[in-house]
Amino acid sequence: MGMTSHSTALAAHPVLRVPPAVAAAYFGASLAFHADVSDVASALAADGGAGFVVLDSRSTASWDQGHVPGAVHLPTALIPEQAATLLDPAVPVVTYCWGPGCDGATRAALALAQQGFQVKEMLGGFEYWVREGFAYETREGGARRAADPLTAPVDAADCGC
């Protein structure tokens, strides 16, 4: 197989079908609307505050099981009627739900954006908050687990990405 036919065959493959300009637009937009767990944790720990509020969009039972310290609890279904009373429209919001297998944080972010809030979604949700070793609160009090070496570096302050 010559170089041209090999290149043509690869370009037709779904993995390689997206032109670079389209990919750049998509990934640029993705970064505009998403924040990862470690960046959120770092911002929350910064002197002077994070400049945003973290919103847990899960049920009360889920909240009681564990949540990000300082987060506001507002289940997605209640956003239309309660967001204006619980949140300051001048303060950006970072939403989260269970984890990457759940789109609850996306639905919450959409509901908030439709009400005029500046909003981002925390990628990884509560699952990755815990898996990366950050402290969390439960109905019984504070908790923390060791970082999962598949999600966070064991011997470094950050992953370098």
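The coordinates are above.
In this text, all values refer to a predicted model and were calculated from it rather than measured experimentally.

Caption draft 1: Spotlight on the overall build of the chain. The secondary structure content of the chain amounts to seven helices and seven strands. Along the chain, helices (α) and strands (β) appear in the sequence α-α-β-α-β-α-β-α-β-α-β-α-β-β when read from the amino end. For 161 residues, the compact-globule estimate of 2.2 N^0.38 gives 15 Å, and the C-alpha radius of gyration of the chain, at 19 Å, exceeds that figure by more than 25%. Each of the three principal axes of the chain carries a C-alpha extent, and together these read 65 × 40 × 30 Å.

Caption draft 2: View of the nonpolar core. Counting residues in each nonpolar core, the largest one holds 16 residues, and the members touching the most others are Val40, Val68, Tyr96, Met122 and Trp129. Not counting residues up to four positions away in its chain, the partners in contact with Tyr96 are Val54, Leu55, Asp56, Ser57, Arg58, His67, Val68, Ala71, Ala105, Met122, Gly125 and Phe126. Core analysis: the next-biggest nonpolar cluster, separate from the first, contains 13 residues, Val53, Leu74, Ala109 and Leu112 among them.

Caption draft 3: The arrangement of the environment of Arg107 in detail. As for its position among the elements, Arg107 is in helix α6 (residues 104–114). Residue Arg107 is classed as partly exposed on the basis of its relative accessible area of 46%. Counting along the chain gives 25 residues from Arg107 to Glu132, while the straight-line C-alpha distance between them is 24 Å.

Caption draft 4: Fine view of the environment of Gln115. Looking at the element boundaries, Gln115 is found in the loop between α6 and β5 (119–123). As a C-alpha pair, Gln115 and Pro80 span 35 residues in sequence and 7.7 Å in three-dimensional space. Apart from the residues within four sequence positions on either side, Gln115 is in contact with Ile79, Pro80, Ala83 and Ala84. At 3.2 Å, the side chain of Gln115 forms a polar contact with the backbone oxygen of Ile79.

Caption draft 5: Seen up close, the packing of aromatic side chains. In this structure the tally under the stated criterion is five aromatic pairs. The interplanar angle of 25° and the centroid separation of 6.5 Å between the aromatic rings of Tyr96 and Phe126 together place this pair among those described as stacked. In this pair, Tyr96 sits in strand β4 (residues 93–96) while Phe126 sits in helix α7 (residues 125–131), placing the two residues 30 residues apart along the sequence. Taking relative accessible area as the criterion, Phe126 reaches 6% and is therefore assigned buried. An angle of 40° between the planes, with centres 5.0 Å apart, marks the rings of Trp129 and Phe134 as tilted. The same class applies to Trp129 and to Phe134, which are both buried. One aromatic cluster in this structure is built from Tyr96, Trp98, Phe126 and Tyr136.

Caption draft 6: Geometry of the side chain of Arg58. Its place among the elements puts Arg58 in the loop between β2 (53–56) and α4 (60–65). Judged by relative accessible area, which is 2%, Arg58 ranks as buried. Within the structure, Arg58 has its side chain in polar contact with the backbone oxygen of Gly66 (distance 2.4 Å). With sequence-adjacent residues up to four places away left out, Arg58 is seen in contact with Trp63, Gly66, His67, His73, Pro75, Tyr96, Cys97, Trp98 and Phe126.

Caption draft 7: Region of interest: the sheet that holds strand β3 (residues 72–73). In space, the five strands of this open sheet follow the order β1-β5-β4-β2-β3, with parallel pairing throughout. Strand pairing shows two members of the sheet lacking a second neighbour, β1 (34–36) and β3, which therefore form its edges. Summarising the sheet, β4 and β5 pair through three bridges and their orientation is parallel. Bridge pairing in β5 places Thr95 opposite Glu121. Along the sheet face, helix α3 (residues 37–45) touches β1, β2, β4 and β5 and points at about 80° away from the line of β1. Along the sheet face, α6 touches β2, β4 and β5 and points at about 150° away from the line of β4.

Conventions and cut-offs
- Residues numbered from 1 in each chain as written.
- Predicted model: local features only at pLDDT ≥ 70, side-chain atom pairs only at ≥ 80, totals over all residues.
- Heavy atoms only, no water.
- Helix = DSSP H or I, 4+ residues; strand = E, 2+ residues; numbered from the N terminus.
- Rg over C-alpha atoms; globule rule 2.2 N^0.38 Å.
- Core = buried A, V, L, I, M, F, W, Y, C linked by side-chain atoms within 4.5 Å.
- Buried < 20%, exposed > 50% of the residue type's maximum accessible area, 1.4 Å probe, protein only.
- Contact = heavy atoms within 4.5 Å.
- Polar contact = N/O pair within 3.5 Å; in protein donor to acceptor, adjacent residues only side chain to side chain.
- Phe/Tyr/Trp six-rings, centres within 6.5 Å; stacked < 30°, edge-to-face > 60°.
- Pairing = 2+ DSSP bridges.
- Axes fitted to C-alpha atoms, helices over the stretch in contact; angles between N-to-C directions.

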